[in-house]
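Observations on chain architecture
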Amino acid sequence: MSFGKHITLSNGAQLPQIGLGTWLSAPKEVENAVEIAVRNGYRHLDLAMIYENQDEVGAALKKVIPSVVKREDLFITSKLWNSAHQPDQVEKELDETLMQLGIEYVDLYLVHWPIAFPPGNGLNPPHLTKAGELAIDTQTTLADTWKAMIALPKSKVRAIGVSNFTIEQIKGIIDATGVVPAANQIEAHPLLPQDELVAYCKEKNIHITAYSPLGHNLVGKPQLTENSVVLEVAKKLNATPAQVLVAWGVYRGYSVIPKSVKQDRIISNFKQVELSKEDYEKISSLGHDNYTRFNIPFTYKPKWDVNIFDEPIEKQAAFRASSKIQ
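Reading guide: rules and limits
- Residues numbered from 1 in each chain as written.
- Predicted model: local features only at pLDDT ≥ 70, side-chain atom pairs only at ≥ 80, totals over all residues.
- Heavy atoms only, no water.
- Phe/Tyr/Trp six-rings, centres within 6.5 Å; stacked < 30°, edge-to-face > 60°.
- Helix = DSSP H or I, 4+ residues; strand = E, 2+ residues; numbered from the N terminus.
- Buried < 20%, exposed > 50% of the residue type's maximum accessible area, 1.4 Å probe, protein only.
- Lys NZ or Arg CZ within 6 Å of the ring centre and 35° of its normal.
- Contact = heavy atoms within 4.5 Å.
- Salt bridge = Lys/Arg side-chain N within 4 Å of Asp/Glu carboxyl O.
- Polar contact = N/O pair within 3.5 Å; in protein donor to acceptor, adjacent residues only side chain to side chain.

Concerning the packing of aromatic side chains
Two numbers describe a pair of aromatic rings. These are the distance of the centres and the angle of the planes. Using the criterion set out here, one finds 11 aromatic pairs in the structure. Pairing Y42 with F270 gives two aromatic rings, centres 4.3 Å apart and planes at 25°, and the pair type is stacked. In this pair, Y42 sits in the loop between α1 (30-39) and β4 (44-46) while F270 sits in the loop between α9 (263-269) and α10 (277-284), placing the two residues 228 residues apart along the sequence. Per residue, the accessibility class of Y42 equals that of F270, and both read buried. One aromatic cluster in this structure is built from W81, W113, F117, Y300, W304 and F309. Geometry around Y105 places R158 over its ring, the cationic atom sitting 3.7 Å from the centre.

This is the structure in structure tokens:
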């Protein structure tokens, strides 16, 4: 089992530190994964409209609420997709999420990405003139979207936050509204420590949730779970490599949401181990001179022609994700 530790968010809510991620989970697998997770002690579930599997999560919730767990003992996060950033679309998409899940509220609702797509043409609207690209809404600002998030009824959303936001983007929405996000969910693993962003979020009492804590192989790099240093520490602790990488995120104060649809991995990922300072530093050294961000939408197919993180490959993008219109 996990150590059962909870993080207190700025609104006082208790977030279980280890959760189940559902990104890149294939259809027909998520319902089973969520049911297995909850039956084995998980109380934090991370979801999103764009994962296109929330109806399956809802089916699993019906199997475990209230027979296994009360709704109020689960912490459920979901995310607003880019095609619903327009102020008149924000609550509509939230309502759709709640309907898919069969619940009355989410504990945390995040702006999934700091970029808007035009509404009304699917989740990934194609660019009207450029093949292989998605359309970008350059009129709706992050401040517009954040104001609409702030206005959401507390009966439907207990806390609001962001995901994949940089310091600049967070500062922009705070300056525009005075409201600080409760959380920022980011890609976080030893190859992408993002120390400046982590320090800024700590200063502002913005909790960080780490997605892709094991890295991933979408860009053809070796899996972090196969790294010799991770394997060495895992052997020493009689742990799996995934448990070691989850423990690295926990050491840094993150909540961590490893994703799996396999029963044995779902269960083992929840069994926590603790890193010593020496082991933590050993794992952290993997990122020295080996900085890697795996998830960059500019490299997607179809491409988002937008610079979100200011990575070198994004410099050629036509648009820049900002709280103001570019």
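Quick look at the environment of K63
With respect to the helices, strands and loops of the structure, K63 is situated in helix α2 (residues 54-64). Placed 32 residues apart in sequence, K63 and E31 show a C-alpha to C-alpha distance of 9.6 Å. With residues up to four places along the chain from it excluded, the contact list for K63 reads E31, E35 and R39.

Examining the pattern of salt bridges
Following the criterion strictly, the structure yields 16 salt bridges and no others. K277 serves as the salt-bridge partner of E281, at 2.6 Å between the closest nitrogen and oxygen. Of this pair, E281 and K277 are both found in helix α10, 4 residues apart, which corresponds to roughly one turn of the helix. Taken together, the shared-partner salt bridges connect E31, E35, R39 and K63 into one network.

Details of unusual backbone geometry
With an omega of 0°, the peptide bond between I65 and P66 qualifies as cis. If you trace the backbone, P66 turns up in the loop between α2 and β5 (75-80). Phi is positive for Q194, close to 50°, though the residue is something other than glycine. Take Q194: it is sitting in the loop between β8 (183-187) and α6 (195-203). What makes Q194 buried here is its relative accessible area of 16%. A positive phi is found at D289, a non-glycine position, where the angle reads about 60°. By the secondary structure assignment, D289 is in the loop between α10 and β11 (306-307). D289 sits in the exposed class, given a relative accessible area of 87%.

Focus: the side chain of Q185
Secondary-structure assignment places Q185 in strand β8. Separated by 2.8 Å, the side chains of Q185 and D46 make a polar contact. Residue contacts for Q185: discarding those within four places in its chain leaves D46, K79, L110, V162, S163, N164, T209, Y211 and I257.

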